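Given next are the chains, with one letter for each unit.
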Amino acid sequence: MPRNDRTLIGSVVECNITNQPSTTLKFAPKPGIGFPTVQHRSKSAFARAREEATVNNADTRRNEIPLVVPTRGSQLPPPTVEPTDAGDLRHHISRANELRLASMSPEEIEKERKTILEQLGNDAPDLLKRVREARERKLAREVPRETEAEGKVTSSEQSELPPVHQPKPMLSSLGVRPGILRVRSLDSVPQSAPPTISSQRSCTRPSSRTGKKIRFAEVTPKDIYVYESAPVSPKRRILALPPPPDKPDDSIVSLGTFNGSIPSKRPHPTDSPSDDKESSVTTADGRKLEEGTPEYIRRHYFPDAPDNDPNLEWMQPSTSSASSELRFDLNGIPIPPSLAETLPSHLGLHHHAEGSHAGYTLEDLFHLSRSTVPAQRASMLGVLAKIAHRLGVQVKDGDFPDKIAELLGTEGQLRKRTLATGLSAINERGSVGAMAVEAVWECLVVWDNDTTDIDGIELHLAPDIISSAQPEQLLPIIAEMLAQAFHPRATLEQLLAIVYRLAQESNELADSITATPRLVPAIIQTFLLTPIPPRDDSVVPDPMALRLLTILASSSRSNALSLLEPADAILRFATLLPNSSPFPAPLATSLLIQTLQFYRALASYGLYSHIATSASPYFSALGSYLLSSPSLPQKKLSQLRTAWSSLLEAWIVCATDPHATSPPHEILWSQVTAWGWESEVRSLRKDLTDAEQDWEVWSAIWNVEAAWLEGARINGVKAGKKEREEVLEFVKRGFEAEEGPEHRVVRAALQTMKQRLSTLATDSRGIERIFRSIVVPSHALCSAVRLWLACLPSSIDMPLGSPPFMLPFGELSKFCAELVTHPVWSLPEKCGMYLQVRLRPLSSLLAYFHRLSRHIPGTGPDLWLAQGLSILTRLIPGDEGAAIAMEENCILPVTSQLAAFQVQLPSIATDILKPFFENTIRLNPDTYLSPLHITTESICRSTTLRLPGATPKVPGEEAKTGLPLSRDWLTAPLTHLLRSATSPVFRSLPAGWDASEVDVVRATLLLLQASCNVLQCRGLGACALGPAEIAFACMRVCMLEHDVGGGASGMDSSAEVFRDDTVEKLMGWLLEPFTPKQLPTPPPSPFTTVTHNETTSASLPPLTPSNYLELASQTYLHQTHTPFYQFYTDLVALYTAVSFAHPLFGALLLPPLAMRYPSDYRRLLWCEAGDGSGPMGSGVGAVTEAVRTVRIGLERVVCCGLGWPGSNGVPAFPDIREYLYPVERDGRVLGAYLQALLAGRNAPQGFLRLVAVHHIACTAWPDLQRLSRITEDRLSNTEANTNGGEVTGPTLPRDPSQSSTSLGGPKLLRLLLNQGDGPAVRDVLLYRQSPSGAFSWPPSCFGGGLAERERVERIEHVRNVISGDMAERVKAIFEHKED
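Residues numbered from 1 in each chain as written. Predicted model: local features only at pLDDT ≥ 70, side-chain atom pairs only at ≥ 80, totals over all residues. Heavy atoms only, no water.

## Things to note about the pattern of salt bridges
Counted according to the given criterion, the structure contains 49 salt bridges. Between Arg113 and Glu110 there is a salt bridge; the shortest N-O distance is 2.5 Å. Here Arg113 pairs with Glu110, and both are found in helix α3 (residues 106-120), just 3 residues apart, close to one helical turn. Of the residues examined, Arg113 reaches a relative accessible area of 41% and is grouped as partly exposed. Arg299 is paired through a salt bridge with Glu295; the nearest N and O atoms lie 2.7 Å apart. Taken together, the residues Arg299 and Glu295, both in helix α7 (residues 294-301) and 4 residues apart, mark about one turn of the helix. You can call Glu295 partly exposed: its relative accessible area is 28%. Taken together, the shared-partner salt bridges in this structure form one network comprising Arg415, Asp448, Arg501 and Glu505. (Salt bridge = Lys/Arg side-chain N within 4 Å of Asp/Glu carboxyl O. Helix = DSSP H or I, 4+ residues; strand = E, 2+ residues; numbered from the N terminus. Buried < 20%, exposed > 50% of the residue type's maximum accessible area, 1.4 Å probe, protein only.)

Written as structure tokens, this is what we have:
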């Protein structure tokens, strides 16, 4: 045999060495069941074969060694093939059933029939019939198909061995429990084609899934019931559903009628028949436990656990009753409590926290948002985001129909919790991170979405919310997420919106964004540097990213410098015009607009203006495109033209002074002249109309022309005379002709402003919309006045013979006069300081009009001064340059003639106050806010383009600006004198400044007197200082002791400042209008304006800085957090120490004694000041030093306007009765009044004596008590209304024990009659006064005038409360007075 033909071992083939074939049926049924044994698919074919061999030949043992033969020439014996198709399977099953039926008795057959009916229901015959009919139909369809297939069998295939059919694993009976759908028949599962021998040889394990399909039974409406899902329970009961209702219900479908008992658990097919009986669990008393109950589970599965094992509490049924706690579904919508117990569990609203109620409480949501299951955590974060969205809407919209009433007032707290929950998962990947970003986005961005379009101001909307977001940790996380970009595009856009919102909040956060590593580059790379042209799978640029860069550049000069490098990359959007851009036209236009605005922000610092030269061809093409009337939406076209014109205006200002740019000479005036920008912009007029949609473009055109003329005045020949003539040639006809477009625009804008300001509401609803609507027309008016001023010759500073062109000067003047007193200026404090940015064009309009007014014929120095004083308090941050110019040109040149002095005064230089006023306007020298229209000074000095907004009150933090000025800004020099040791003015006085303390005080008082005089004369009394503000200014003068301010400043005083003759005269003239005059009827107050129909209603005036010292002093005292009571204490102490009974100083101690002030002030002066305080009844001299020395008459008492209603119901001013009503109720003060009256020679005189007699008499006599009770009731109502809506000043806390009356009227009267001297007793007995009508002056109020009825009543009162003898003595006094 050849060597290569010899094989040591051939193929190993398993073969059956048993010669006797097996007699056991392949599909032999298991005893007791008419179906074959289930063959589990988990066993391989080899394992099943061995198991069968073991069962069939258990006693056979292999003793022979298997034959090993070479493979060559060998041929496998044909295997034993057993049919396994559906027909054979049915045949075997039918044969086994017939054999079993033959061996069963009729009783057994009937029993099995009942069992089948119990399992399958009464409809079992119909079911079997349908199964048989379906099988027959299938066989009828398969017969032609098999015939056709047999005809296609080739001869080679016929020669092969017959296919081996593998038996299909059978499912166990599905009819064990009712309610489970069953497969109609085995025929419904199609059989796969028989595999060939070759396919069998190539695979050791036949596939069990090839060609299988699942079909479900055809269920009729009679087969099933439909019930609502029951709550989740640890029990698993069979047929635990409730029965159908008695009344027919079409929504319920019958499954059949259950007639038998619940069958026991079927044994596993592999179990022996002896295991069919289920073991039962019984209690100690033999009662069988129901399967599925907690006790059954414990005894059956945990037999060793104690009865009350806490680890098995989860099995106990829920004992929670109907809960009223708010629950939400997965959409964040509240679920009514009545519905929470009835909703089915398949909705996903039942969870392990509360199984009997559908929905999630807020605590459930916050708890599950920390779940370790990502899907659950993401779902809960999504629900929290939806709830935050609803809460944000209901906070802003009081009429929101879907508001959650249970959460009213808790929105802010829930916003913080939701934000913290989202931040805790924001750095997660997948859906958890995406949902966390959405939650943070809802809390930070969507919550304040009405401020998205507001720029140019720091919002400071929610500093506590922003601080809780921890931006210093959040921003690096966002940078990493944007750099990796593993989130969907929508999530990345939400991250961009979050960064945008943080940049809006404050300049400090904008600096943090710029300083965060990789954040700005990641934003630019992700949202701006997208492929051009865009691919199908790529994203397009996002204009919000450009808006973010603009805000970052506007926030600070340092940020603008850091953005110069990416500015080159952004030029791509300026070179791609909308008509040639690969992006859609709306997107390309938005990108172009945002790019131009970004370059404009850089140019406002004098930065990056060289791009006008480097990219001049592209910008020239842009100008030509705008002049070609492109086919863009009108709104987009107007925005694009406005952005382009604003950029040209900024570049023209940069070219006006090339030394102001950084670096210098980036753009030159000669280049601007060569490019002809002014004529290019002027050409835009041809497509404009007088419609409001074009007003913004008109404003931009006029600003470009004004900037051009202002630059030509510096760089042009003859101060730009030629340029002015060219501009006037184009614009004069348009402004002056009745049909001129400029004329119509100005007229329409003026009328629109009047109309919208008149409809401006004072509440917060609709304020933002109205504020937004006044921006465009106010810009138009402001730009028109600016252009008018730019057309003036450079040396003109006087009224003109003829203006450059005509404007409606009369209407403008009237409108500005109404504007300075309009309540629109106070609305930002009530509705949000971010609205202040909407007032920028209004304040600029007032500043420009003040310059224009100087050139109008008929404007005298007094009118111009009154206009300047009223306009200065309306200027807002960013107008510092205009305010300083107004102060230098209008305020400081005031002379004594404007103050209307009747006595010649020494020469007073007011220019020495310039350093104080400049510091008041620019508080922080390191901060320079850019004006609305940039200047050559601002581009080199500006530190930010944004207004500060409502800067958080941080202790020790200096404000960025002094605007808007307070009402008492003219008294700022007095503040610096009192704080000369820390005043920044005295540390940086200009060279050559040399003035004494007295000089500064004189100049300040002169300005105060002049301002009050001109404002009152010109009908602007509302802008003048009120009595409380004037009185507090004089108090500060008295607080200036001698030698204050000496030293380095060069100021000294050898005596107190208030003793200077000029100072004393000036203070007297300032206070004189607020002192009462002895007239039959007090004159009406010039400071009281009746705004409502109050002819019959009587009410007290509200507390304001004009009439209440605690409010008037806040401007000065808030810096040191000193209460006014402490200031008054120091003032009284200084009076007793150094005044020597100075009458003017003493008069300044009286205003806080008015009855609308707390009684602490009266206690201080009457009981505690000086050395006269002592116990009640201590005798003569028991009065304070201040009470003893302040001896002024009523004609010198300062009344601050807290007066009482007169005869017509309108408070009279000045009225001394503000010190008399309501009647004193403080027992200690009443005791001091009586003690002072009993002091003999030391008793108070003049005004203070009247006060003491009045309050003692009104406490003692019933007739006066009745009159005073009227005013007390009125005061109570007024204070209730005031506290509900009006501004009230801080008051001292009152001790109830001290404020209660310890001395009643009878006791006071008894002490007075027993210890008082004749004058005191007589004054109290005969005193009369009325809280309304004409005031009764002394001495008429002390004697006579009492009616007979009143005298009799008082005598009887003495008789009742004291004695008859005392009544006779009182009667004698009355009779003696009549004689």
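## A closer look at the packing of helix α43 (residues 1027-1039) against helix α44 (residues 1061-1071)
Axis separation between α43 and α44 bottoms out at 10 Å; the angle between their running directions is 160 degrees. Classified by the angle their axes make, α43 and α44 are roughly antiparallel. The handedness of the crossing between α43 and α44 comes out as left-handed. Contact residues: α43 offers Ile1030, Ala1031, Cys1034 and Val1037, while α44 offers Val1063, Met1067, Leu1070 and Leu1071. Here the contact of α43 with α44 is built from residues that sort into 8 nonpolar, no polar and no charged. (Axes fitted to C-alpha atoms, helices over the stretch in contact; angles between N-to-C directions. Parallel < 35°, antiparallel > 145°, perpendicular 65-115°, else oblique. Left-handed = near helix turned anticlockwise from the far one by under 90°. Contact = heavy atoms within 4.5 Å. Nonpolar A, V, L, I, M, F, W, Y, C, P; charged D, E, K, R; others polar.)

## As for the nonpolar core
In terms of nonpolar packing, the biggest core is built from 328 residues, with Ile498, Leu549, Tyr599, Phe619, Trp651, Tyr1128 and Trp1166 touching the most fellow members. Those residues in contact with Tyr599, other than ones at most four positions away along the chain, are Ala567, Ile570, Leu571, Tyr608, Phe619 and Leu647. (Core = buried A, V, L, I, M, F, W, Y, C linked by side-chain atoms within 4.5 Å.)

## What to know about helix α25 (residues 634-656)
Its 23 residues place the ends of α25 33 Å apart at the C-alpha level, agreeing with the 33 Å of an ideal helix rising 1.5 Å per residue. For α25, a buried count of 18 out of 23 residues is recorded, marking the element as mostly surrounded by other parts of the structure. (Expected span 1.5 Å × (residues − 1).)

## Considering the side chain of Asn1107
In this structure, Asn1107 sits in the loop between α44 and α45 (1109-1112). A relative accessible area of 7% places Asn1107 in the buried class. A distance of 3.0 Å separates the side chain of Asn1107 from the backbone oxygen of Pro1102, its partner in a polar contact. At a separation of 2.9 Å, a polar atom in the side chain of Asn1107 contacts the main-chain amide nitrogen of Thr1104. What Asn1107 contacts, discounting residues up to four positions off in sequence, is Ala1028, Pro1101, Pro1102, Tyr1157, Cys1200, Gly1201 and Leu1202. (Polar contact = N/O pair within 3.5 Å; in protein donor to acceptor, adjacent residues only side chain to side chain.)

## With respect to helix α22 (residues 585-603)
With 19 residues, α22 should reach 27 Å at 1.5 Å per residue; the first-to-last C-alpha distance of 27 Å fits that figure. Across the 19 residues that make up α22, a large majority, 16, are buried.

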